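Remarks on the overall topology
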Amino acid sequence: MSGMLYLCATPIGNLEDITLRVLRILQEADVIAAEDTRQTRKLLTRYEIKTPLTSYHEHNKMEKTPVLIQKLLAGENIALVTDAGTPAISDPGEDLVRACYEAGVEVTSLPGPVAAVTALTLSGMSARRFTFEAFLPVNKKEREIVLNRLKESPVTTIIYEAPHRLLKTLEILKEYVGPDRRLAVCKELTKKHEKALHFTLEEAISYHRENPPKGEYVLVIEGADQEALEEARQDQWKKMTLEDHMYHYLSQGIDKKEAIKKVAKDRGISKRDVYNELVRE
């Protein structure tokens, strides 16, 4: 019989934030696959766990995944941990999980700390619905897709960021969603100097220019005001000619009939009025 892959959530700061079940599995597993063995060794030392460690991270996952799969198929149990928090969320653990399912290896997840959820509950922002974007994409085109979605989304959005990129990210967010969008800037979660600071984007930029960012950050951004967005759209349509308004949709590959329908809805007029006006032009 094959072994089991255990996804073990570990503390994101305070080493007491670990479950009894995770401690037991870390003790009983044949090997612990860790994103950073030096970081994980601190945790194991604290709890006197002597299970062998092996590295598994973004830069060695291609060659290491088949090695770990072979161990699992041979009957070994592997505990997978990330530097902090829950494996497979914004880290290479998701690749190992996928490979396990393809190989017929069982996987189970041991719940525990997640920085995104911890920040959300601390933020005071609406938590009924939310979007987790992890780190913004490096690729400019992919980043624009995410930012344009965030600009109009009515739900809370959660983003991770490193200290050396925080100011730049805040400036990019301001450019897309405006200076008055509110957010909670959470840092050093569960640690001694934990903070959840509440700002507009303009205020957040000013604050962090005067107070250089340190530590890891989670940004919890409020959803867009739908009424304000609708007013802005109406202003945009009013400034467009009917022909330009049509082109706005046709350029997206929408057929003429559907484009007329959308233009009529945007402008609060009938489809026949749109058609007649376009014919006259």
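In this report, the structure presented in the accompanying data block is examined.

Calculation notes
- Residues numbered from 1 in each chain as written.
- Predicted model: local features only at pLDDT ≥ 70, side-chain atom pairs only at ≥ 80, totals over all residues.
- Heavy atoms only, no water.
- Helix = DSSP H or I, 4+ residues; strand = E, 2+ residues; numbered from the N terminus.
- Rg over C-alpha atoms; globule rule 2.2 N^0.38 Å.
- Buried < 20%, exposed > 50% of the residue type's maximum accessible area, 1.4 Å probe, protein only.
- Contact = heavy atoms within 4.5 Å.
- Areas by Shrake-Rupley, 256 points an atom, 1.4 Å probe, with all protein chains shown as cover.
- Lys, Arg positive; Asp, Glu negative; His and termini not counted.
- Charge placed at Lys NZ, Arg CZ, Asp CG, Glu CD.
- Pairing = 2+ DSSP bridges.
- Right-handed = clockwise from strand over helix to strand, strands pointing away.
- Polar contact = N/O pair within 3.5 Å; in protein donor to acceptor, adjacent residues only side chain to side chain.
- Phe/Tyr/Trp six-rings, centres within 6.5 Å; stacked < 30°, edge-to-face > 60°.
- Core = buried A, V, L, I, M, F, W, Y, C linked by side-chain atoms within 4.5 Å.
- Axes fitted to C-alpha atoms, helices over the stretch in contact; angles between N-to-C directions.
- Salt bridge = Lys/Arg side-chain N within 4 Å of Asp/Glu carboxyl O.
- Parallel < 35°, antiparallel > 145°, perpendicular 65-115°, else oblique.
- Left-handed = near helix turned anticlockwise from the far one by under 90°.

The next subject is the overall build of the protein chain. If you tally the helices and strands in the protein chain, you get twelve helices and ten strands. In terms of overall size, the protein chain is more extended than a compact globule, its C-alpha atoms giving a radius of gyration of 25 Å where 281 residues would be expected to give roughly 19 Å. Within the span of the protein chain, comprising 281 residues, buried residues form 42% of the whole. Across the protein chain, contacts joining residues at least 24 apart in sequence account for 68% of those joining residues at least 6 apart. Just so you have it, the protein chain exposes about 16100 Å², and 49% of that area is on carbon and sulfur atoms. Both charge centroids of the protein chain, one from 41 positive and one from 44 negative side chains, sit 1 Å from each other.

Looking at chain direction, strand β6 (residues 130–134) and strand β7 (residues 156–161) are connected through four bridges and run parallel. Looking across to β7, one finds that Phe130 is bridged to Thr156. Handedness of the crossover is the feature at issue here: the chain leaves β6, passes through helix α6 (residues 140–152), returns alongside β7, and the resulting connection is right-handed.

With respect to the element layout, Glu161 can be found in strand β7. Looking at Glu161, the relative accessible area reads 3%, which means it is buried. Polar side-chain contacts of Glu161 include one of 2.9 Å to the side chain of Arg165. If we ignore the near neighbours within four places in the chain, the residues touching Glu161 are Phe135, Leu166, Thr169, Glu216 and Tyr217.

With that out of the way, let us pick up the packing of aromatic side chains. Counting across every chain of the model gives three aromatic pairs. Taken together, a centroid distance of 5.0 Å and an interplanar angle of 65° make the contact between Phe132 and Tyr160 edge-to-face. With a gap of 28 residues between them, Phe132 in strand β6 and Tyr160 in strand β7 connect regions that are remote in the sequence. Considering the side-chain rings of Phe135 and Tyr160, the 5.8 Å spacing of their centres and the 70° angle between planes classify their relative orientation as edge-to-face. Linking Phe135 in the loop between β6 and α6 with Tyr160 in strand β7, this pair joins segments that are 25 residues apart in sequence. Assessed through its relative accessible area of 36%, Phe135 is described here as partly exposed.

The subject of this paragraph is the nonpolar core. If you look at the biggest cluster of nonpolar residues, it comprises 20 residues, and the most contacted ones within it are Ile159, Leu170, Leu173, Leu183, Val185, Leu219 and Ile221. Secondary-structure elements contributing two or more residues to this core are α6, α7 (166–177), β8 (182–187), α8 (201–210) and β10 (217–221). Take this core: its biggest share by element is six residues, from α7. Filtering out sequence-adjacent residues up to four positions away, Val185 remains in contact with Lys195, Ala196, Leu197, Phe199, Ala204, His208, Tyr217, Val218 and Leu219. If you look at the next biggest cluster of nonpolar residues, it comprises 17 residues, including Ile18, Ile32, Ala34 and Leu43.

This next bit is on the sheet that holds strand β1 (residues 4–8). Within the open sheet, the five strands sit side by side as β3-β2-β4-β1-β5. Their pairing is parallel. Looking at the sheet topology across the chains shown, the edges are occupied by β3 (53–55) and β5 (106–110). Taking the axes of each pair of neighbouring strands and ignoring which way they run, one obtains an average angle of 25° across the sheet. As defined by bridge partners, β1 adjoins strand β4 (residues 78–81) across three bridges and the pair is classed as parallel. Bridge pairing in β4 places Leu7 opposite Leu80. Its contacts with the sheet place helix α1 (residues 20–28) against β1, β2 (31–34), β4 and β5, and it is angled at close to 135° to β5. Its contacts with the sheet put helix α2 (residues 37–46) on β2, β3 and β4, and the angle it makes with β3 is roughly 155°.

Position of Glu188 among the secondary structure elements: in the loop between β8 and β9 (195–200). Despite its burial, Glu188 remains without a salt bridge, the nearest opposite charge being carried by Lys191 at 4.0 Å. Dropping the residues within four chain positions of it, Glu188 is found in contact with His193, Glu194, Gly215 and Glu216.

Let's shift gears to the packing of α7 against α8. For the pair α7 and α8, interaxial distance at closest approach is 9 Å and the crossing angle is 160°. What the angle tells us is that α7 and α8 run roughly antiparallel. Here α7 runs over α8; the crossing is left-handed. Residues Leu166, Leu167, Leu170, Glu171, Leu173, Lys174 and Val177 of α7 form the contact with α8, whose participating residues are Leu201, Glu202, Ala204, Ile205, His208 and Arg209.

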